[in-house]
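# Structural overview
In case you want the letters, here they are:
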Amino acid sequence: MSFELFVQNVFNSMTVGSLYALIAIGYTMVYGILRFINFAHGDVFMVGAYLIFFAEMLVPWPVAALIAIAGASLLGILVDQTAYRPLREAPRISALISAIGVSFLLENLAVVVFTGLPRPAVQPAWMVRPIAVGGLRVLPLTFLVPLVTAALVMGLLYVVYRTRPGLAMRAISRDIETTRMMGVSINRIIALTFGLGSALAAAAGIMWAMRYPQIHPYMGVFPGFKAFIAAVVGGIGSIRGAVLGGLLLGTVEVMAIAFNPTLSGYRDAFAFVLLIVILIFMPTGLLGEKNKDKI
Amino acid sequence: MSAPLAAPAAGPAAGKPLRDGLCTVGLLLAGSFLLRWASGSLNGYQIQLLNLIAINAILALSLNFIYGFSGMFSLGHAGFMAVGAYVSALCILTPAQKATIWFLEPIVAPLATLQTSFFASVMLGGLVAALFSLLIAAPVLRLGGDYLGIATLGFAEIIRVLLTNLVPVTNGAIGLRGIPSHANLFWNYAWLVITLYVILSILKSNFGNVLKSIRDDDIAAKTMGINTTSYRTMAFCVGGFFAGVGGALMGSLITTIEPKMFNFQLTFNILLIVVAGGLGSVTGSVVGSAVITLLLEGLRIVEYPFNIDLDLGLFRVGPVHVPGVPGMRMVIFALVLMFIIIFRRQGLIGTRELSWRALFALPSKIRGLVGRKDPGAGAGG
Amino acid sequence: MLELIDLHVRYGGIHAVQGISLRVRPGEIVTLIGANGAGKSSTVRAVAGLVRGGLGGRILHTPPGGETVSLAGLPPEKIVARGLALCPEGRRILPHLTVAENLELGAYSRSDRKAVAGDKELVYALFPLLKERHWQPGGTLSGGEQQMLAVGRALMSRPDLLMLDEPSLGLAPILVREIFQIIRRINQEEGRTILLIEQNAHAALSIAHQAYILEVGNIVLSGPGRELLHDPKVKEAYLGG
């Protein structure tokens, strides 16, 4: 493979990986606090993409992006309060089933409201006009995605490690009862967690729509699964793990096919194979903590 | 809702085996006459529904066995169904059909001339699915609840990707058409009876008790020296077997299969039936299958346009043309699932079971209820 | 400041507390002592709002210069906001958070950020060891240090009533002495009211103004700490003869 092509693929890896990372963060935060897999998270990503599609027809792009992120964030909180909160005391599987239900609800609601026809997102011209870098022609978007992702992740880490609500989030993930004793309103912090994760997923949805402009109701299914796998690979419950897992998965996907194009039909399977491998050899993930069951 | 359903009997049935046996035989005979009548008297659509109910019941029972009774949250059911469907189809498609269907790449040589009876094909479908279960069980079963779900889901997707890509074996994404339609009322219900018999036998046996104890408290079971892994593996394979059977029957019923149809939505439908019927109740899975299958069909009307034109005497509703809303069916379905899981987790039947003993106890129960009514209360008016 | 009237606590089929009544007056150290399983922890957990359902009787709180309010049924967040802080049994510090973060968590319910920073310094003054280790994760501290951290954390919410659940648990005698000296200091220097739950009867009775002895869910004896310390019955049952 030529050098240019290799570099091209590296950029692609970073782009895809960043998007997986953003979505993965949402899964990992919710799991870290509630020990619960939010099946509907991938569909929040989809809603974010639809929101920007419609909003950008009405208002300038930056405003549309804000609307999409805010809207998706609220959706995430709404889903938690209506479908998950009533089941906090129930067996964990009940909440999982509810999450599956929400996921299907969102997907089919999207079919009903938006129809299954893929919608073309508007890509701002400056994002997709190739610029020359060295011997390569690259889309500005390809740089933008990892940069924006990095900024968002920094922002999130700031919130989690340097603010009081973030402190509460970290406390809850270990000991809910003691955290309550400190005067923390658990429900509010949980809602915040969903809100933050959903906002990031929406940002990913927006950037995904810019990169792959076909928006359809089921677009969140595979990226959602893969992002969850990325979170598990990186160590579920760890934000840094989610980022690492996302980048790793993106790299594996893009590079494997780059080196061996005949594997392209198997692209979607890589994530699942990676999942099985990690679950067998390192179930707590690359950056996760060892969880010892004392018998 | 107390009779004729009773709490599951603890320990060996202390009832009357002869009576129960005779009743069961009687029921089977009655059932077969009913089916005979149905195949003659009902129209094609209704017969199709009856077929679907049977197959969905088999699938629900297999998932309930894995999850409700053995406590393993498996989301990979569609994968096993796919395996069963493809294996069975490969066995009953004629060589001539195979030559036509596999037009992109010819079918792999040994499969080209493979032909078996329908019963054998379904059996093989189940066995190969069970084999896949065994392979998957090894790495995956030691994981806890949520992880197990994701891992099995992952395997189902891997199976789907394999089916799509191994064109000489499966004809890839195009799928298989014109599968001989052997899955009639007789075969579907016969397999349902077999499934019920096997699963009920296992559950009543010591093996079944061990499974339930593992489900309820895995660690306690281990400390009692039970090899939980081997028990769960066996249960997983039994469930996989019947999922394969269900898939095989379904393939022959709808005569067309393609990898795309064995997606998560299919697993979701079965999961819905299991939850709606009652996790951990055999009766629940059968009843749930009937209710949900009919509901699924009934709800199709919201996806096609229809007219409302009611003359209610005092006023008239319509004429109104309601446009069909595609996708609405699954929206309602998702809402149903969520409603059930939030408000009535036990589903329709909970964990109770229908049994002959409970049925025969029914008259005395009713008598008891009636007798308990305060004789003085009638006068109040 | 706190009054329990005929308190019953039931959970999981166990009738842990069977109708006890006690009173904690402002500025006092009141101790509730008894053997394992006597119902001591259940009592204080009920006051802290950690027991769901199964409560009977009254829990009345009168803040300084305020109205008496019933605490039964309030969630833990509201109880902390009312000025009652619990230092739980087993310390329950967050091991992955630093010492400083654990303390900040204790002050979560407060909005006066500057005062919180000041209080942190006060806690460090009380427990110099914590200041040394303020950047270390809580899990790396020894048992005694964690106990200090837990007490400090409870102090961070500026409670009117500080409840300590078995602070001597698992600590070497010399540390127990140290902790109890600090508890006495907190009471005498800052005038804080303290409700102390303990198995270590000797240490508790030595510093308590008022003591109640709990046996299998019932109060069997009560009186000033000094008196009970020298009471022959108490000596035999709880103080090793």
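We now turn to the structure provided with this report. (Residues numbered from 1 in each chain as written. Chains lettered and ligands numbered in written order. Predicted model: local features only at pLDDT ≥ 70, side-chain atom pairs only at ≥ 80, totals over all residues. Heavy atoms only, no water.)

A few words now on the overall build of chain B. Summing up its helical and strand segments, chain B has 16 helices and four strands in all. In chain B, the share of contacts with a sequence separation of at least 24, taken over all contacts with a separation of at least 6, comes to 80%. Summed over all atoms, the accessible surface of chain B reaches about 17,700 Å², with 70% contributed by carbon and sulfur. (Helix = DSSP H or I, 4+ residues; strand = E, 2+ residues; numbered from the N terminus. Contact = heavy atoms within 4.5 Å. Areas by Shrake-Rupley, 256 points an atom, 1.4 Å probe, with all protein chains shown as cover.)

One way to see where empty space is left: roll a probe the size of a water molecule over the atoms. All names here are of chain A. As enumerated under the stated definition, the model contains five cavities of 30 Å³ or more in all. If you add up the space inside the largest cavity, you get close to 60 Å³. Forming the walls of the largest cavity are Gly26, Val30, Asn38, Ala40, His41, Val44, Gly76, Val79, Tyr84, Phe194, Gly197 and Ser198. Broken down by secondary-structure element, the contributors of at least two residues to the lining of the largest cavity are helix H1 (3-34), helix H2 (41-55), helix H3 (61-84) and helix H9 (186-211). Across the lining of the largest cavity, the residue classes tally to six nonpolar, six polar and no charged. (1 Å grid on protein atoms, 1.4 Å probe; cavity = no way out; pocket = protein on both sides within 12 Å on 5 of 7 lines; lining within 4 Å. Points joined across faces, edges and corners; volume = space filled by probe spheres on them. Nonpolar A, V, L, I, M, F, W, Y, C, P; charged D, E, K, R; others polar.)

Our focus in this paragraph is the environment of C:Thr98. Residue and element names in this part refer to chain C. Of note, Thr98 is situated in the loop between strand E6 (84-87) and helix H3 (99-106). Taking the C-alpha atoms as reference points, Thr98 and Pro137, 39 residues apart in sequence, are found 3.9 Å from one another. Setting aside its immediate chain neighbours within four residues, Thr98 contacts His134, Trp135, Gln136, Pro137 and Gly138.

It is worth spelling out the sheet that holds strand E2 (residues 14-24) of chain C at this point. Residue and element names in this part refer to chain C. In spatial order, the strands read E2-E1-E4-E5; together these four strands make up an open sheet with antiparallel pairing. In this open sheet, the two strands that pair with only one neighbour each are E2 and strand E5 (69-70). With eight bridges connecting them, strand E1 (residues 2-11) and E2 associate as antiparallel partners. Paired with Tyr11 across the strands is Ile14, a residue of E2. (Pairing = 2+ DSSP bridges.)

Moving on, we come to the interface of chain A and chain B. Contact residues are listed per partner, giving 41 residues for chain A and 41 residues for chain B. With both chains or domains summed, chain A and chain B bury close to 3,600 Å², and 81% of this area falls on carbon and sulfur atoms. Its largest share of buried area at the contact with chain B, chain A owes to A:Ile97, A:Phe104 and A:Tyr266, together 16% of the area lost on that side. On inspection of chain A and its partner chain B, the count reaches zero residue pairs in polar contact (both at pLDDT 80 or more). Mapped by element, the contributors of at least two residues to the side of chain A that touches chain B are H3, helix H4 (92-114), helix H10 (221-234) and helix H12 (267-281) of chain A. The element contributing the most residues to the side of chain A that touches chain B is H4(A), with 15 residues. Looking at the side of chain A that touches chain B residue by residue, the class counts come to 33 nonpolar, six polar and two charged. (Buried area = accessible area lost by both parts, 1.4 Å probe. Polar contact = N/O pair within 3.5 Å; in protein donor to acceptor, adjacent residues only side chain to side chain.)

With that out of the way, let us pick up the interface of chain A and chain C. On the chain C side, the residues contacting the 20 residues of chain A number 24 residues. Both sides together, the interface formed by chain A and chain C hides about 2,100 Å², and carbon and sulfur atoms give 58% of it. Seen at the junction of chain A and chain C, the total is five salt bridges. Linking A:Asp175 and C:Arg92 is a salt bridge whose minimum nitrogen-to-oxygen distance equals 3.0 Å. Of all the secondary structure elements, the ones that give two or more residues to the side of chain A that touches chain C are helix H7 (164-172) and helix H8 (176-181) of chain A. Sorting elements by how many residues they give to the side of chain A that touches chain C places H7(A) first, with six residues. Looking at side-chain class alone, the side of chain A that touches chain C contains nine nonpolar, four polar and seven charged residues. (Salt bridge = Lys/Arg side-chain N within 4 Å of Asp/Glu carboxyl O.)

Residues and elements named next belong to chain C. Summarising the sheet, E1 and strand E4 (residues 55-61) pair through six bridges and their orientation is antiparallel. Among the inter-strand pairings, Val9 is bridged to a residue of E4, identified as Leu55. Examined bridge by bridge, E4 and E5 share two bridges and lie antiparallel to one another. Directly across from Leu60, in E5, lies its bridge partner Ser70.

Let us now look at the side chain of C:Gln146. All names here are of chain C. Residue placement: Gln146 occurs in helix H6 (residues 143-155). Within the structure, the side chain of Gln146 is placed 3.3 Å from the backbone oxygen of Gly138, a separation counted as a polar contact. Leave out the neighbours within four places in its chain, and Gln146 touches Arg91, Ile93, Gly138, Gly139 and Leu141.

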